[in-house]
Amino acid sequence: MLTLRKLSPQRLWLLAGYAAAAATMFSAPMFLNDFRLNLLAKFLAFAIVAPGLDLIWGYTGILSLGHGIFFGLGAYAMAMYLKLEASGGKLPDFMGWSGLSELPWFWKPFENFGFAVLMGILIPAALALFLGFFTFRNRIRGVYFTILTQALVIITTTLLVGQQAYTGGTNGVTGFSKILGESIASPDTKRLLYWVTAAVLVAVFILCRYVVKSRFGKVLRAIRDGENRVRFIGYNPAVYQMVIFTLSAAIAGIAGMLFVLHVGIISPSMMGIVPSIEMVLWVAIGGRGTLIGAALGAVLMNWAKSEFSTTYPEGWTYFLGGVFILVVVFLPNGLAGLVSKLKFSKSREVRSEAEHDGIEHPAV
Amino acid sequence: MEVIVLQLFNGLSVSSILLLIALGLAITFGLMKVINMAHGELIMIGAYSTYLTQNIFNDYLPKSMFDWYFVLAIPVSFLIAFLFGLILEMSLIRFLYGRPLDSLLATWGVGLVLQQLARSIFGAPNVAVTSPSWLDGGVTFLGSVLPYKRLFIIGLVALTLLAMYFYIYRSLEGRRMRAVMQNRDMASCLGVSTRRVDAMTFAIGSGIAGIAGCALTLLGPIGPSLGTYYIVDAFMVVVLGGVGKLVGTVLGALGIGVFNTMFEYWTNASLGKVLVFICIVAFLQWRPMGFIAMRSRSLDS
């Protein structure tokens, strides 16, 4: 099957498609103006979250409504660095307004760019590992887990809003000027940051693809389709779930860091319940269980949002709600599922039906 | 002493509202494995029904009658939310059987649409509902004033709970419901119309959410996103209490309500929430299925 896959024209077309998409993405700065480029950079930052979310939802069957938090924590880590850089040794402005006279101890190390980046990955990962450790081990899963992730969103956002002196409260952290000594608003930096984001997206995509294609990925799919059977075979699903959930959170953290670089602000409202669930919608629309679908879904939805939500705010909410219902009920595999249904030949359908049959009847 | 009494009372008051909201959630989840994220919007619908009842009394009936609008508002809120629930079940939920995570997402979409609908009809700003004058004031107990409004809500919740108890454990419909909950296929084989039971149960759960919305109008102004403040806490009640038995939900609501008020009093609102969450996660280490879990020999329950 492997050789057949390698030689099949479909496979070639697919590779050509990936190459074309990557080429378009990397050459975008040539033909987009600064405003559009910044917008696209933001979408790409969002698109980084999607394959990570797909790893746990599409491939492992764990639905997290808490990815906004991991995204946000990454963003805050970067924002703390940028804020200190902008304040130039002085106390960040919002701390002064809230009556602090000295920089809190946990802000200090964030003066270092490398440390901030590291924390932007490690903090979300640690939080995910913490939650995963205390839930998956006890076989708390499915809807229960989803509800807990949502509760995590609520408490993290209330905490961020409540501790105004340390976090900037509802306003969040903003007012950045420099990154590593360079002006953050200059077109050159912007273009560079865009390329960095695109490169990270490609790297994350390849990483996720590697995970999915590996033995590890096979176990993940097995957990999705029959967790108990996996356990009886001798695997410990909890370990796999913890690892993949942590990885997914770390990816979201990276995306958050890039997001803050492009948008220049992070506040609790950008990581709350609604943004978290919108992230899930990107994956649902693009197609859970296909990484490229998830990433494209993120770009597509955010593009649509920026086009329509300001001109037709009411219509946009109706549209969003409607899409949610329609996609979940009628298109469980999203647009990617629709495409493969329309395009691929009968042999594939038969195969997927056989796979499906295997799930339904243990004897097969 | 006064502080303790007041905090306990506040905790009880919060619990009672949570209980009202979580009842419907717990029942529908136990029965159908459907998580209804639009539940918060059913609360909102109940609240706006009360608002409309008030307006009708204000506009068309003599002033002396106004105080009694609330008595009518309770059944009206129940009925309207009940109807919305019924429509929702018949048109959408039934396609989502056995897909709990998908039901969660689809109903979130429904919630979004309903919220926007409320915003389009009633406007985005909050509206105030005038509480009936017979609920003003309070009773003094051990040196602290307990407002009548909150006492009334606690009483209302107790009554609803009692009614639910009789419905579930003492009526034919309730027996069928429990049968479906325990073993859907078997109940179906024995002639219980599971479709009917599902629809009724979902609608009743929605109706109770409507009553919760009605009760919330006593505590402050209401707006299109009223339900979202309570919904996640209500879900936590379900997680903590377990599904399948009323008493689990009651314990879950009491636990979250009382601990939340206590922690918030000792620390502050944001830290209190964190502590409650940590307590819940810690508790789940001990009992992963919540206080009361339905015993079953099936593996994937």
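Residues numbered from 1 in each chain as written. Chains lettered and ligands numbered in written order. Predicted model: local features only at pLDDT ≥ 70, side-chain atom pairs only at ≥ 80, totals over all residues.

## Focus: the overall build of chain B
In terms of helices and strands, chain B carries 11 helices and 2 strands. Each helix (α) and strand (β) of chain B, taken in turn from the N terminus, gives the series α-α-α-α-β-β-α-α-α-α-α-α-α. A compact globule built from 301 residues should have a C-alpha radius of gyration of about 19 Å, and chain B, at 19 Å, falls within 12% of that. With the C-alpha coordinates of chain B rotated into their principal frame, the extents come out at 55 × 45 × 35 Å. (Helix = DSSP H or I, 4+ residues; strand = E, 2+ residues; numbered from the N terminus. Rg over C-alpha atoms; globule rule 2.2 N^0.38 Å.)

## Some words on the overall build of chain A
A tally of regular secondary structure across chain A gives 16 helices and 4 strands. For chain A, the spread of C-alpha atoms along the three principal axes comes to 70 × 50 × 40 Å. Within chain A, buried positions represent 43% of all 364 residues. Long-range contacts, defined here as pairs at least 24 residues apart, represent 81% of the contacts in chain A between residues at least 6 apart. (Buried ≥ 20, exposed ≤ 12 C-beta atoms within 10 Å, placed from the backbone. Contact = placed C-beta atoms within 7 Å.)

## Comments concerning the interface of chain A and chain B
If you look at the interface, chain A gives 35 residues, while chain B gives 33 residues. Looking at the side of chain A that touches chain B, the elements that each hand over two or more residues are helix 7 (142–162), helix 12 (273–286) and helix 14 (313–330) of chain A. Considering each element in turn, the side of chain A that touches chain B owes the most residues, 14 residues, to helix 7 of chain A. Looking at side-chain class alone, the side of chain A that touches chain B contains 22 nonpolar, 11 polar and 2 charged residues. (Nonpolar A, V, L, I, M, F, W, Y, C, P; charged D, E, K, R; others polar.)

## Looking at helix 9 (residues 226–241) of chain B
Residue and element names in this part refer to chain B. Helix length check: helix 9 (16 residues) gives 24 Å between terminal C-alpha atoms against 22 Å at 1.5 Å per residue, within 8%. Where burial is concerned, most of helix 9 is hidden: 14 out of the 16 residues are buried. A positive phi of about 85 degrees marks glycine 242, the residue just after helix 9. (Expected span 1.5 Å × (residues − 1).)

## Concerning the packing of helix 1 (residues 2–32) of chain B against helix 8 (residues 194–216) of chain B
All names here are of chain B. In contact at an axis separation of 8 Å, helix 1 and helix 8 are set at 165 degrees when each is read in the N-to-C sense. Considering their axes alone, helix 1 and helix 8 lie roughly antiparallel with respect to each other. Viewed along their axes, helix 1 and helix 8 form a crossing whose handedness is left-handed. For the pair helix 1 and helix 8, the contacting residues are Ile17, Leu20, Ile21, Leu23, Gly24, Leu25, Ile27, Thr28, Leu31 and Met32 in the first and Asp198, Thr201, Phe202, Gly205, Ser206, Ile208, Ala209, Ile211, Ala212, Ala215 and Leu216 in the second. (Axes fitted to C-alpha atoms, helices over the stretch in contact; angles between N-to-C directions. Parallel < 35°, antiparallel > 145°, perpendicular 65-115°, else oblique. Left-handed = near helix turned anticlockwise from the far one by under 90°.)

## Focus: the nonpolar core
Core analysis: the largest hydrophobic core is formed by 188 residues, its most contacted members being A:Ile48, A:Val49, A:Ala255, A:Val280 and B:Ala22. In terms of residue count, helix 3 (residues 34–59) of chain A provides more of this core than any other element does, 16 residues in total. (Core = buried A, V, L, I, M, F, W, Y, C linked by C-beta atoms within 7 Å.)

## Overview of unusual backbone geometry
Although it is not a glycine, A:Leu180 adopts a positive phi angle of roughly 50 degrees. With respect to the helices, strands and loops of the structure, A:Leu180 is situated in the loop between strand 2 (178–179) and strand 3 (182–183). The exposure class of A:Leu180 is exposed, given the 9 C-beta atoms found within 10 Å. One non-glycine residue, B:Lys33, lies in the positive phi region at around 55 degrees. Inspection of the secondary structure assignment puts B:Lys33 in the loop between helix 1 and helix 2 (39–60).

## Comments concerning the packing of helix 9 (residues 187–213) of chain A against helix 11 (residues 237–263) of chain A
Residue and element names in this part refer to chain A. Where helix 9 meets helix 11, the axes come as close as 10 Å, and the angle between the chain directions of the two elements is 165 degrees. Here helix 11 runs roughly antiparallel to helix 9, going by the angle between their axes. In this structure, the crossing between helix 9 and helix 11 has a hand that is left-handed. Where helix 9 abuts helix 11, its residues Leu193, Thr197, Val200 and Val204 lie against Ile251, Ile254, Leu258, Leu261 and His262.

## Structural notes on the pairing of strand 1 (residues 138–141) of chain B
Residue and element names in this part refer to chain B. Of the pairings in the sheet, the one linking strand 1 to strand 2 (residues 144–147) comprises 4 bridges and is antiparallel in character. What sits directly across from valine 139, in strand 2, is leucine 146. Linkage of strand 1 to strand 2, two consecutive antiparallel strands, is achieved through a turn of 2 residues, within which leucine 142 is found at a positive phi near 50 degrees. (Pairing = 2+ DSSP bridges.)

## Focus: the confidence of the model for chain A
For chain A, the mean per-residue pLDDT works out to 87, and 92% of the residues sit at or above 70. Confidence, expressed as mean pLDDT per element, reaches its minimum in chain A at helix 16 (residues 346–360) of chain A with 45 and its maximum at helix 11 of chain A with 96. (pLDDT = per-residue confidence, 0-100.)

## Overview of helix 6 (residues 172–182) of chain B
All names here are of chain B. Among the residues making up helix 6, those that are buried are Arg176, Met177, Val180 and Met181. Viewed along the axis of helix 6, the buried residues span an arc of 140 degrees, placing them on a single side of the element. On its buried face, helix 6 is in contact with helix 1, helix 5 (148–170), helix 7 (184–189) and helix 8. (Arc of directions from axis to C-beta.)

## Remarks on the environment of A:Phe70
Residue and element names in this part refer to chain A. Mapped onto the secondary structure, phenylalanine 70 falls in helix 4 (residues 67–87). Separated by 185 residues in the primary sequence, phenylalanine 70 and alanine 255 place their C-alpha atoms 9.2 Å from one another. Apart from residues no more than four positions distant in its own chain, phenylalanine 70 is found in contact with Pro124, Leu127, Ala128, Ala249, Ala252 and Gly253.

## Here's the deal with the environment of B:Val238
With respect to the helices and strands, B:Val238 occurs in helix 9. For B:Val238, a count of 28 C-beta atoms within 10 Å corresponds to the buried category.

## Points about the confidence of the model for chain B
Residues and elements named next belong to chain B. Summing up the model confidence of chain B, the mean pLDDT is 88 and the portion of residues at 70 or higher is 99%. When pLDDT is averaged over each helix and strand of chain B, the minimum, 81, is found for strand 1 and the maximum, 94, for helix 3 (residues 69–91). At the level of chain-chain contacts, confidence expressed as ipTM amounts to 0.88, with global pTM at 0.89.

## Side note on the environment of B:Asn126
All names here are of chain B. Within the fold, asparagine 126 resides in the loop between helix 4 (100–122) and strand 1. Look at asparagine 126 and you get partly exposed, because 13 C-beta atoms sit within 10 Å. Taking the C-alpha atoms as reference points, asparagine 126 and leucine 96, 30 residues apart in sequence, are found 33 Å from one another. Each residue touching asparagine 126, except ones within four places of it in the same chain, is listed here: Pro221, Ile222 and Gly223.

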